[in-house]
Amino acid sequence: MSSNSDPVRNGRGRRFLRKLLIVTSLAAAGLLCLWNLLPPKTIDQPVVFVRNEQGELAPFSEDRNEAGVTFDIYFGTLQSQNNSFSSSSSGSTDPSFFAGRSLAIFNLSDHLLMQRAGRELLEQLTQDREFERVEYYPLGHSPEVGSQATDLIVTLDIRSLEVSGWVSQKVDASIVGSLGRSFSHTTTSYVTSAAPPIVRMNADIELTHHSTMRGVESSAAKYKLQGKDIGGALAKQVTDKLKSLREEHELLPALPAGFYPQWRPTPEFDFVDEYGAERMTSQHGLGFHNETFWRITGTEFINAALASIHAELLERGWEGELDAINDSGYAYMRLTKDNLVLVAFTNPGMRASPQPKEPIDLYVRYHDAMKMEEYYDAVEGLLGGAKPDFDLLLKLKRYTSPDQEQRLFEMVEMHAPRTTSAWIALADHYVSRKDNSKAEQALRAGSLLNLVSNNSSANDDEIERLANLLSLKVNDLQRPDIAVLSRLEIPILPPGGVPLEREVGVGETAAFFFHKATGGWVIAAVTLHRRWHNGSSSTYDLTEVLASENGRSSTRVSRNLKEPRRTTRGIDDWYVTLQAESNDDEGIRVRVEAHKSPRTLELQ
């Protein structure tokens with residue numbers, strides 16, 4: 001008897017194999033498509049990070065406009081070498097603060113390598129605890145016209161790129177970047193009396209990247225390792241420069257809205273259409289109504305373009321000589337009209353010639369600055385406040401009118417400031433008016449406060465200068481005087497451990513005086529100041545200074561405070577309460593309370 005089971009099984013086996021082959025082929029084709037056709041995940045639209053209530057820099061919008069499906073897989077390693085060179089310049093007036101709470105990144109290249117590098121740079125800079133806002137603009141995008149400018153701008157671009165190999169891919173790239181107050185900068189700067197009270201700074205960064213990637217990568221992962229490497233190297237250059245600036249200069253305090261005037265429209269210039277000028281930014285900010293940058297790409301005849309812009313502005317009533325290309329090889333021209341300035345220049349890193357072999361970019365900057373009368377109005381907002389910040393007002397004295405200056409010093413004298421610098425400024429004011437009696441009183445107050453200051457050396461030269469003008473000795477000025485203690489509201493601790501209490505804010509000092517039974521004296525002081533801020537909490541330094549007839553000593557401790565807080569322009573400020581009492585050893589014990597977390601400091 002015959003059976004058909006074997007042919008049936010064979011037929012089913014062949015059908016299974018055919019299906020398996022089809023499925024395998026489709027899977028292989030799908031994998032091949034995933035490997036070669038899916039796009040990389042890049043940022044192709046502007047994105048803005050703002051610090052939220054949790055203290056994190058998070059995208060202002062959840063839509064990051066990135067590719068939703070990707071397949072960035074790679075198998076291999078990267079060996080790289082980055083050589084960087086940077087040059088920077090800075091300038092300051094008196095006063096000059098460092099403004100650096102917001103930053104914008106402009107990626108001037110749409111090459112995938114630079115998109116990778118820009119993304120990595122963005123990711124790293126959003127980890128900076130000092131930033132309240134970080135913006136990113138890929139090529140072809142710019143901030144909204146009339147919006148408020150960020151404190152700092154970073155640009156990055158690629159100058160040259162060579163790629164070779166496949167399994168062992170070599171990349172040689174030359175990257176250029178900048179960090180500064182504006183979109184681009186010149187080698188020449190002019191400062192007027194109406195310049196804002198901030199440090200002027202610009203830095204150029206050149207990065208040479210050499211790398212070898214051994215392995216394979218999907219199309220969506222192309223340049224992922226190299227871009228991350230380049231972005232990280234650029235981020236280090238930027239953060240290193242920011243660190244030095246933050247350490248060297250006092251951070252810009254909160255200023256009234258009047259210091260950030262409303263945006264005024266940009267005039268319609270003919271050269272914009274004539275040369276196809278691309279508007280990069282047009283914003284308002286600290287001390288200016290409008291700053292607009294255009295980039296004229298690939299200008300073959302620099303002198304011809306400058307001459308055309310110069311002729312147009314002269315017809316509009318502007319003034320300025322046509323300098324064109326100077327001896328150092330840079331093209332530069334500056335014209336003015338009242339408080340308006342227009343500057344045309346080539347990038348400082350590019351040498352120009354009347355007819356260069358390769359076209360280079362020409363930048364045009366239009367600046368509509370505040371006038372001194374507008375600063376007077378802005379200062380009036382500080383003078384008329386419920387609790388004027390006299391220390392800040394004295395630092396901004398050059399923005400006051402003569403009448404405002406007189407009112408300011410009258411108010412300072414009446415309210416007895418708590419900072420050494422305020423008393424020194426008051427003493428200097430009286431010296432200039434030859435009122436030596438009041439100058440000496442103010443200088444004695446300033447000298448005593450300086451004795452218990454956490455940074456006494458910063459004021460030593462000014463105190464000595466004023467003391468010499470008044471024929472006084474510095475040592476005599478620092479001896480405690482009952483009248484001076486009363487003027488400074490420094491309480492005298494009673495014997496027997498009866499506590500006294502004081503409250504201080506950021507940058508303020510609370511001091512306590514005690515007469516020893518042996519005839520000596522002790523002053524204990526605690527100053528609260530911010531070390532760094534990350535949005536939801538801040539680390540604060542408490543500097544404790546103990547002064548006596550035998551000299552002074554100081555210690556510093558750090559505390560992390562999370563609640564409560566008061567917010568001004570996104571900057572959190574805190575208060576701490578101090579309790580002081582005399583102890584059995586004729587010293588002073590100070591108890592520091594912040595958010596119900598007391599810590600006892602024994603100051604002997």
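Residues numbered from 1 in each chain as written. Predicted model: local features only at pLDDT ≥ 70, side-chain atom pairs only at ≥ 80, totals over all residues. Heavy atoms only, no water.

Comments concerning the overall build of the chain
(1) Moving on: Each helix and strand in the chain was counted, giving 13 helices and 23 strands.
(2) Moving on: Looking at the chain as a whole, 47% of its 604 residues qualify as buried.
(3) Moving on: When contacts within the chain are restricted to residue pairs at least 6 apart in sequence, those whose partners lie at least 24 apart make up 66%.
(4) Moving on: As presented, the chain carries roughly 30,100 Å² of accessible surface, and 49% of it is formed by carbon and sulfur atoms. (Helix = DSSP H or I, 4+ residues; strand = E, 2+ residues; numbered from the N terminus. Buried < 20%, exposed > 50% of the residue type's maximum accessible area, 1.4 Å probe, protein only. Contact = heavy atoms within 4.5 Å. Areas by Shrake-Rupley, 256 points an atom, 1.4 Å probe, with all protein chains shown as cover.)

Examining the pattern of salt bridges
Between side chains of opposite charge, pairing is possible as soon as their charged atoms come close.
(1) Moving on: On inspection of all chains with the given rule, the structure shows 17 salt bridges.
(2) Moving on: Here arginine 407 ties to glutamate 380 by a salt bridge, and the two come within 3.0 Å at their closest N and O atoms. Linking arginine 407 in helix α8 (residues 402-415) with glutamate 380 in helix α6 (residues 372-383), this pair joins segments that are 27 residues apart in sequence.
(3) Moving on: Residue classification places glutamate 380 among the partly exposed residues on the basis of a relative accessible area of 32%.
(4) Moving on: One salt-bridge network, in which partners are shared between bridges, spans Glu250, Asp391 and Lys395. (Salt bridge = Lys/Arg side-chain N within 4 Å of Asp/Glu carboxyl O.)

Considerations on the environment of methionine 411
(1) Moving on: Position of methionine 411 among the secondary structure elements: in helix α8.
(2) Moving on: Sequence separation between methionine 411 and leucine 383 is 28 residues, and the spatial gap between their C-alpha atoms is 9.0 Å.
(3) Moving on: Setting aside anything within four residues of it in sequence, one finds methionine 411 in contact with Leu383, Pro388 and Phe390.

Focus on the packing of aromatic side chains
(1) Moving on: Scanning all chains against the criterion turns up 14 aromatic pairs.
(2) Moving on: A cation over an aromatic ring shows up here: arginine 246 above the ring of phenylalanine 131, its NZ or CZ 5.3 Å from the ring centre. (Phe/Tyr/Trp six-rings, centres within 6.5 Å; stacked < 30°, edge-to-face > 60°. Lys NZ or Arg CZ within 6 Å of the ring centre and 35° of its normal.)

Quick look at the nonpolar core
(1) Moving on: Grouped together as the largest cluster of nonpolar side chains are 58 residues, with contacts concentrated most on Leu252, Leu255, Phe259, Leu396, Trp423, Leu443 and Leu488.
(2) Moving on: Judged by nonpolar contacts, the second largest core, of 37 residues, contains Met114, Ile205, Ile230 and Val238. (Core = buried A, V, L, I, M, F, W, Y, C linked by side-chain atoms within 4.5 Å.)

Overview of unusual backbone geometry
(1) Moving on: Even without being a glycine, aspartate 338 presents a positive backbone phi close to 55°.
(2) Moving on: Within the secondary structure, aspartate 338 sits in the loop between β11 (332-337) and β12 (340-346).
(3) Moving on: With phi around 60°, glutamate 489 is a residue other than glycine that occupies positive phi space.
(4) Moving on: Inspection of the secondary structure puts glutamate 489 in the loop between α13 (482-487) and β14 (500-505).
(5) Moving on: Residue glutamate 489 is classed as partly exposed on the basis of its relative accessible area of 48%.

Digging into α8
(1) Moving on: With 14 residues, α8 ought to run about 20 Å at 1.5 Å a step, and its terminal C-alpha atoms sit 20 Å apart, in line with that.
(2) Moving on: Of all the positions in α8, only Gln404, Leu408, Phe409, Met411 and Val412 are classed as buried. Down the axis, α8 shows its buried residues gathered within 160° of arc, on one side only. Structural note: α8 exposes Pro402, Asp403 and Met414 on the side pointing more than 90 degrees away from its buried face. (Expected span 1.5 Å × (residues − 1). Arc of directions from axis to C-beta.)

Describing the pairing of strand β5 (residues 133-137)
(1) Moving on: Summarising burial for β5: 4 of the 5 residues are buried, a large majority.
(2) Moving on: Judged from the 4 bridges that link them, strand β1 (residues 47-51) and β5 form a sheet pairing that is antiparallel. The residue bridging phenylalanine 49 from the neighbouring strand is valine 134, located in β5.
(3) Moving on: Note: strand β4 (residues 102-107) against β5, 5 bridges, orientation parallel. Each bridged residue has a counterpart across the sheet, and for alanine 104 the counterpart in β5 is glutamate 135.
(4) Moving on: A crossover links β4 with its parallel partner β5, the connecting element being helix α2 (residues 112-125), and its sense is right-handed. (Pairing = 2+ DSSP bridges. Right-handed = clockwise from strand over helix to strand, strands pointing away.)

A short note on the pairing of strand β7 (residues 168-180)
(1) Moving on: The buried fraction of β7 amounts to 10 of the 13 residues, a majority that puts the element mostly inside the structure.
(2) Moving on: Bridging between strand β6 (residues 152-164) and β7 involves 11 bridges; their strand directions are antiparallel. Residue serine 160 lies in a different strand from β7, and its bridge partner there is serine 174.
(3) Moving on: A loop of 3 residues connects β6 with β7, the two strands running antiparallel in sequence, and glycine 165 in this loop sits at a positive phi of about 85°.

Topic: the packing of helix α9 (residues 420-432) against helix α10 (residues 436-451)
(1) Moving on: Here α9 crosses α10 at 160°, and the two axes come no closer than 8 Å. In terms of orientation, α9 lies roughly antiparallel with respect to α10. The interaxial crossing formed by α9 with α10 has left-handed handedness. For the pair α9 and α10, contact is made by Thr420, Trp423, Leu426, Ala427, Tyr430 and Val431 and by Lys438, Ala439, Ala442, Leu443, Ala445, Gly446, Leu449 and Asn450, respectively.
(2) Moving on: Grouping the amino acids of the contact of α9 with α10 by side-chain chemistry returns 10 nonpolar, 3 polar and 1 charged. (Axes fitted to C-alpha atoms, helices over the stretch in contact; angles between N-to-C directions. Parallel < 35°, antiparallel > 145°, perpendicular 65-115°, else oblique. Left-handed = near helix turned anticlockwise from the far one by under 90°. Nonpolar A, V, L, I, M, F, W, Y, C, P; charged D, E, K, R; others polar.)

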